[in-house]
Amino acid sequence: MAGSESQSLMVKPFSQACENNQEPILAILREAFVSRKKILEIGSGTGQHSVYFAPRLPHLVWQTSDMPVNHRGIHQWIDEYPSDNLRKPLSFTIGQDTFPCQVDGVFTANTAHIMLPDRVQLMMQLVAQHLPNGGVFCQYGPFNVDGRFTSDSNATFDAALRGQGMGGSVILQNSSAGLNPSD
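Residues numbered from 1 in each chain as written. Predicted model: local features only at pLDDT ≥ 70, side-chain atom pairs only at ≥ 80, totals over all residues. Heavy atoms only, no water.

### Let's talk about the nonpolar core
Then step 1. If you look at the biggest cluster of nonpolar residues, it comprises 21 residues, and the most contacted ones within it are L29, F33, F53, L57, W62 and F107.
Then step 2. Elements supplying a minimum of two residues to this core: helix 2 (16-32), helix 3 (48-56), helix 4 (71-80), strand 4 (105-109) and strand 5 (136-140).
Then step 3. Counting residues per element, this core draws most heavily on helix 3, at four residues.
Then step 4. The contacts of F53, once residues within four sequence positions are left out, are Q22, I25, L26, L29, W62 and F107. (Core = buried A, V, L, I, M, F, W, Y, C linked by side-chain atoms within 4.5 Å. Buried < 20%, exposed > 50% of the residue type's maximum accessible area, 1.4 Å probe, protein only. Helix = DSSP H or I, 4+ residues; strand = E, 2+ residues; numbered from the N terminus. Contact = heavy atoms within 4.5 Å.)

### Brief notes about the sheet that holds strand 5
Then step 1. The strand order across the open sheet formed by five strands is 3-2-1-4-5, and the pairing between neighbours is parallel. Because the sheet does not close on itself, it has two edges, and the strands there are strand 3 (86-91) and strand 5. Adjacent strand axes in the sheet meet at a mean angle of 20 degrees, parallel and antiparallel pairs treated alike.
Then step 2. Two elements, strand 4 and strand 5, share five bridges in a ladder whose sense is parallel. Note that in strand 5 the partner of G105 across the bridge is V136.
Then step 3. The strands that helix 2 touches are strand 2 (61-66), strand 4 and strand 5; relative to strand 5, the one it contacts most, it runs at about 165 degrees.
Then step 4. Most of the contacts of helix 3 go to strand 2, to which it runs at about 170 degrees, and overall it touches strand 1 (38-42), strand 2, strand 3 and strand 4. (Pairing = 2+ DSSP bridges. Axes fitted to C-alpha atoms, helices over the stretch in contact; angles between N-to-C directions.)

### Looking at the packing of helix 2 against helix 3
Then step 1. At a minimum axis separation of 10 Å, helix 2 and helix 3 run at an interaxial angle of 35 degrees. Relative to helix 3, the crossing made by helix 2 is right-handed. Across from C18, E19, N21, Q22, E23, I25, L26, L29 and R30 in helix 2, the residues of helix 3 making contact are Q48, H49, Y52, F53 and R56.
Then step 2. Of the residues contributing to the contact of helix 2 with helix 3, the split by class is six nonpolar, four polar and four charged. (Left-handed = near helix turned anticlockwise from the far one by under 90°. Nonpolar A, V, L, I, M, F, W, Y, C, P; charged D, E, K, R; others polar.)

### Here we look at unusual backbone geometry
Then step 1. Phi is positive for N110, close to 55 degrees, though the residue is something other than glycine.
Then step 2. For N110, a relative accessible area of 28% puts it in the partly exposed group.
Then step 3. Of note, D146 is a non-glycine position whose phi angle comes to about 50 degrees, a positive value.
Then step 4. A relative accessible area of 30% means that D146 is categorised as partly exposed.

### Description of helix 6 (residues 152-163)
Then step 1. End to end, helix 6 covers 17 Å across 12 residues, agreeing with the expected 16 Å (1.5 Å per residue, within 8%).
Then step 2. For helix 6, the full list of buried residues reads N154, D158 and L161. Take helix 6 and look down its axis: the buried residues cluster within an arc of 70 degrees, on one side only. The exposed set on the far side of helix 6, more than 90 degrees from its buried face, consists of D152, T156, A159 and G163.
Then step 3. Those residues of helix 6 that are buried are in contact with strand 6 (143-145) and strand 7 (148-149).
Then step 4. Positive phi appears at G165, one or two residues downstream of helix 6, with a value of about 85 degrees. (Expected span 1.5 Å × (residues − 1). Arc of directions from axis to C-beta.)

Structure, rendered in structure tokens:
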């Protein structure tokens, strides 16, 4: 079977959580990225966020990236919902690949909590090193603010992830710093 035929037979990945959270995230991104030109999405996952955000943020280029194992699904979403400002995924595995491109904004959703703790730290260092002065980093995921989980489901999820050696919730130390974590 030809490559394009076998790709079309693959079931497109889908995340209900992604569908549920895209509008609240977009509301924040519209403000945060208002003066940005190029965004790198780290860990594009299914590809759902990219095809939703890119056409609604037409003033910027949305560059997807992820581990190669996830590229096929991202391609399926982009092929079904193309946008002039949406780019196919670059290979970017934290700890293996170099930062893939120059950007003035970075977005990541539901990545840090499934990464090993040293990879989360490395991702934050890479973002800090590669964003220019005034660059914007937006992160979405399960948060733990000042030692308290933002929901019971986040506490349960965190315990399960930590039991597997993963990073768990994203820990924010100062909730008075204008941070607005959400489920």
